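# Coordinate analysis (summary)
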Amino acid sequence: MADLSLDEALASLRDVPCVAGTEFVALGKALGHVLAEDVVSPLSVPPHDNSAMDGVVYAQADLSPDSETRLTLAGTIAAGHPLDRPMLPGEAFRIFTGAPIPVGGDGVVMQEDCRFEDGAVTLPANPRIGEHIRRVGEDVTAGAQVLTAGTRLRPQEVGVAALIGRTGLAVRRPLKVAVLSSGDEVVEPGRPLPPGAIYDSNRPTVIALARALGFIVTDLGRLPDRLDVVKDALARAANDHDAIITTGGVSVGGEDHMRAAVESLGRLEQWRLKMKPGKPVALGEIGRARFIGLPGNPVSAMVTFMMIARPLLLRMSGATWTTPPRFPVAARFALRRKPGRREFLRARLIVDQQGLGVETHRSDSSGVLTSMAWADGLIDVPATLTEVTPGMMIDYLPLSEVLS
Ligand code: AMP
Ligand code: MG
């Protein structure tokens, strides 16, 4: 069993190859998918100079030096209705936001700064030439790459694709992921709870975690602590899934058969992560499927999913490798600890008279799942740190960064 730091574990996952083929999806279905193409714009955006204001468009040559200018108000130019001729000397036009600047127009004055009379408009002295005009190509120049393969599409990327006229995008097929829990003590909610039993909270949690990443998830139920049954279930799951995620059964307890089952079906590497909560995590292969064995303790299962399974599965999906951001925040708690293991504390941001700070949950037990429901983030405590004092700046990782 290898003793690994989280960074060492992650370094070994960085180059995991993509297993997902590509498909073409309509823009309306693209959200959350991994982009499979570099997208280049065939056009400039905006495609024409246009007004950034409701105002009046004028030609510089008509302006009176250092004084107001009275011009003929020759008409109105609305968005979507370009003027079909150049401006003539002495003319100004009312122009609305988004309307194309006519040939000859050099600037726009906000309508609030103009005086309108019958058929004429008076502009203030010395308007800034070029002001309130959005230039052609200001957003995108024709031929520029606007989206990069490997990007997980957010609403704004969907918008950018539409901006340049795309109706669909080449994306990676979503991973097919099987989720199983294990343990003779684990019972399905809805059933009575026999003595010594607990309800299965890991499987719904892990299914939700995997769905939030856009995967197609199969719920394969719970496995008893029996080697033959575990082997059989894993072998079947490996046939039609890209990844199999299990919880529990990977410690070295006598009834923990997951390891033996995977080893007999394929290959298994077990990591004792120098991380709290978290150890141990098992990674392997069964046929063409990746095996990810998470710990049974509910908080450990969640944290190892977010820290190890998530980046691995995203790589398999063709996503660009990213490191979730941490932000330095002032501690509103004190802590003394033994060095050696990196630790993720369940944390919550608070804003009070002292400004922004972060507090920790009363429990650091990896069995207390309600602490995850309480938390909005994790404090990332370096392995070497022995003491946190109130006011000290410490790295905070928002859960929102690792829950999708
Ligand atoms: P294990 O890794 O199988 O030794 O399990 C470690 C701890 O996590 C034990 O206390 C188990 O009862 C608990 N556990 C295992 N699987 C689940 C589950 N699906 N839901 C909730 N707790 C679990
Ligand atoms: Mg167990």
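Residues numbered from 1 in each chain as written. Chains lettered and ligands numbered in written order. Predicted model: local features only at pLDDT ≥ 70, side-chain atom pairs only at ≥ 80, totals over all residues. Heavy atoms only, no water.

## Some words on the pattern of salt bridges
Pairing between side chains of opposite charge can happen when the charged atoms of each approach one another. Enumeration according to the criterion identifies 26 salt bridges in this entry. Across the pair Arg236 and Asp232 runs a salt bridge whose closest N-O atoms are separated by 3.1 Å. Of this pair, Arg236 and Asp232 both sit in helix α4 (residues 227-239), four residues apart, roughly one helical turn. With relative accessibility at 41%, the residue Asp232 sits in the partly exposed group. Among the charged side chains, a network of salt bridges with common partners joins Asp7, Arg326, Arg342 and Asp380. (Salt bridge = Lys/Arg side-chain N within 4 Å of Asp/Glu carboxyl O. Helix = DSSP H or I, 4+ residues; strand = E, 2+ residues; numbered from the N terminus. Buried < 20%, exposed > 50% of the residue type's maximum accessible area, 1.4 Å probe, protein only.)

## Describing the domain arrangement of the protein chain
According to the domain assignment, the protein chain consists of domain 1 (2-20 + 174-316), domain 2 (22-45 + 138-172), domain 3 (50-134) and domain 4 (327-401). Here the C-alpha centroids of domain 1 and domain 3 sit 66 Å apart. (Domains from an automatic or database assignment.)

## Examining the site of ligand 1
Taken together, 17 residues are adjacent to ligand 1, and Glu185, Asp200, Gly249, Gly296 and Asn297 come closest. Residue Asp200 places a side-chain N or O atom 2.8 Å away from a nitrogen atom belonging to ligand 1. Here Ser201 contributes a backbone N or O atom positioned 3.2 Å from a nitrogen atom of ligand 1. Summarising the interface, the protein chains cover 78% of the accessible area of ligand 1, which totals 480 Å² for the free molecule. (Near = heavy atom within 4 Å. Polar contact = N/O pair within 3.5 Å; in protein donor to acceptor, adjacent residues only side chain to side chain. Areas by Shrake-Rupley, 256 points an atom, 1.4 Å probe, with all protein chains shown as cover.)

## Things to note about the nonpolar core
In terms of nonpolar packing, the biggest core is built from 48 residues, with Leu13, Phe215, Phe305, Met307, Ile308 and Leu313 touching the most fellow members. For this core, the element with the highest residue contribution is helix α6 (residues 298-316), accounting for 12 residues. Mapped onto the domain boundaries, this core takes at least three residues apiece from domain 1 (2-20 + 174-316) and domain 4 (327-401). Non-local contacts of Phe305, meaning those with residues more than four positions away in its chain, are made with Val206, Leu209, Ala210, Leu213, Ile245, Leu294, Arg310, Pro311 and Leu313. Membership of the second largest hydrophobic core comes to 18 residues, among which are Leu223, Ala237, Ala238 and Val250. (Core = buried A, V, L, I, M, F, W, Y, C linked by side-chain atoms within 4.5 Å. Contact = heavy atoms within 4.5 Å.)

## Focus on the side chain of Asp62
Mapping Asp62 onto the fold places it in the loop between β5 (55-58) and β6 (69-77). The buried charged residue Asp62 lacks any salt bridge, with Arg85 as its nearest oppositely charged partner at 10 Å. From its side chain, Asp62 meets the backbone nitrogen of Gly90 in a polar contact 2.9 Å long. (Lys, Arg positive; Asp, Glu negative; His and termini not counted.)

## Some points on the side chain of Ser41
Tracing the backbone through its elements, the reader meets Ser41 in the loop between β3 (39-40) and β4 (50-51). Classification of Ser41 as buried rests on a relative accessible area of 2%. Within the local environment of Ser41, its side chain forms a polar contact with the backbone oxygen of Leu43, the two atoms lying 2.6 Å apart. Beyond its immediate chain neighbours, meaning those up to four positions away, Ser41 contacts Val140, Thr141, Ala142, Gly143, Ala144, Val146 and Ile164.

## Here's the deal with the pairing of strand β27 (residues 377-381)
Among the five residues that make up β27, five are buried, leaving the element largely enclosed by the rest of the structure. Neither face of β27 is exposed, since Gly377, Ile379 and Val381 on one face and Leu378 and Asp380 on the opposite face are all buried. As judged from the three bridges shared by β27 and strand β29 (residues 393-398), these two strands associate in the antiparallel manner. Bridging from a neighbouring strand, Gly377 pairs with Pro398 of β29. (Pairing = 2+ DSSP bridges.)

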